[in-house]
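Structural description and commentary
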Amino acid sequence: MSRCFARLVLGIVLAVAVLNVPAAVTAPSAEAACRPALKSLTLARSSVAGGSSTTATIRLTCRTPRRAKVQLWASTGVRVPAYVYVAGGRSTRAFTVRTSPTTVRSSGRIKAVYRQVVRRATLVRTATPCYPTPVPTAVALPAYVHAGQRATGTVTLDCVAKTSLAVSLTSSSSWVTVPGTLTVQAGRRTASFTAATKAPATGTLPAFNVTIRATRNRKSAARVMQVRPEIRSFRLGDQFTVNEPVLTPEGSDGWVRGTLRITLDHPAPPGGLDVKGSIVPEGGTWTDVRIDLDSYPPDSRVTDHLTITDSADNVLLDEDFTYIVHPAP
């Protein structure tokens, strides 16, 4: 009887012990059941300057139960380790991707292989600043200039010159000349030059575009500038226009008065012009002249005489002209 009772108690104890064993001990975990595969290969930056580095990350489909070896490969100009390990219990691993300096923009490939699964990523290398020496990156010029005028341009390098550097300059038009060589002084990134435009001896030069190019070590930068027709001074045979003034009665003497604006089709030359007794300064194109009439003209038309002389008293224009006036409201 006692032996049967002892067996019964032992059975109960064993049953309770089995029921209290943790699930992690009695059943395989989800992680242990997962067979990790290569899920992705990503880059922290998809574009870097040649000579710099970025970080790449390998990701598995699940946490690997033991250390996993992932093979790596990269194209020319991009360097990676031959392989990396994903530690046991982890699903990711980061590593460094290094690049070589370059003078041109190029694309490289990185490849990761694990258990015959391949993942790839593309890395763009941009030109390395100052490699092997500074080169032009920009040319600045005014948007336009008139024929016969000069324009100031600026060449900018991709970094500061350690020693004085020579940059070649060219112009796409024989009507615009630039220095053949521009020197950027040591310790500077920029240097200025003058683009001189020519005007024809006779006639008018139509507007056109000119390209100014700066080149060093087969690397160049360019800028397009428009050359517009020349601005020449007012001379014999040129034209003028007048506005339609408003005449206003003033005082009790019956006179009506107003202001007549005379506009020239070319600017005044050095020394200015005398236009109907009013001075137009050098470069100016218009002047206001006071009108005094004893009565408002019945047909609204006024005929007057205009004389234009230069600073040397040469008469450039001497003729009658007619304009329309309006009464004040």
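Read on for a plain summary of the structure. (Residues numbered from 1 in each chain as written. Predicted model: local features only at pLDDT ≥ 70, side-chain atom pairs only at ≥ 80, totals over all residues. Heavy atoms only, no water.)

It is worth spelling out the layout of surface pockets at this point. Looking at the largest pocket, its volume works out to about 280 Å³. When the residues that make up the lining of the largest pocket are grouped by side-chain class, the tally is six nonpolar, five polar and three charged. (1 Å grid on protein atoms, 1.4 Å probe; cavity = no way out; pocket = protein on both sides within 12 Å on 5 of 7 lines; lining within 4 Å. Points joined across faces, edges and corners; volume = space filled by probe spheres on them. Nonpolar A, V, L, I, M, F, W, Y, C, P; charged D, E, K, R; others polar.)

Here the focus is the packing of aromatic side chains. If you walk through the whole model with that rule in mind, you get three aromatic pairs. Note on Tyr-83 and Tyr-85: the rings are 5.6 Å apart at their centroids and 75° apart in plane angle, and the pair reads as edge-to-face. Its relative accessible area of 39% is what places Tyr-83 among the partly exposed residues. Under the relative-accessibility criterion, Tyr-85 is labelled partly exposed at 27%. (Phe/Tyr/Trp six-rings, centres within 6.5 Å; stacked < 30°, edge-to-face > 60°. Buried < 20%, exposed > 50% of the residue type's maximum accessible area, 1.4 Å probe, protein only.)

Turning our eyes to something else, we now look at the environment of Ile-279. Position of Ile-279 among the secondary structure elements: in strand β23 (residues 278–280). In this structure Ile-279 comes out as exposed when scored by relative accessible area, which is 57%. Residues Ile-279 and Ser-311, 32 residues apart in the sequence, show an inter-C-alpha distance of 9.9 Å. For Ile-279, the contacting residues outside a window of four places in its chain are Leu-273, Asp-274 and Thr-287. (Helix = DSSP H or I, 4+ residues; strand = E, 2+ residues; numbered from the N terminus. Contact = heavy atoms within 4.5 Å.)

This brings us to the pattern of salt bridges. Scanning the entire structure with this criterion turns up five salt bridges. We note a salt bridge from Arg-232 to Asp-238, for which the minimum N-O separation is 2.8 Å. For Asp-304, the salt bridge is made with Lys-276, and the minimal N-O distance between the two is 3.1 Å. Of the two residues, Asp-304 sits in strand β25 (residues 301–310) while Lys-276 sits in the loop between β22 (273–275) and β23, which places them 28 residues apart along the sequence. One salt-bridge network, in which partners are shared between bridges, spans Arg-257, Arg-290 and Asp-292. (Salt bridge = Lys/Arg side-chain N within 4 Å of Asp/Glu carboxyl O.)

Following Tyr-131, the chain continues to Pro-132 via a peptide bond in cis, the omega torsion being -5°. Tracing the backbone shows Pro-132 in the loop between β9 (117–126) and β10 (136–140). Although it is not a glycine, Gln-116 adopts a positive phi angle of roughly 70°. Among the secondary structure elements, Gln-116 is positioned in the loop between β8 (106–114) and β9. By relative accessible area, which is 80% here, Gln-116 ends up exposed. In the Ramachandran plot, Arg-218 falls in the positive-phi region, its phi being about 65° despite a non-glycine side chain.

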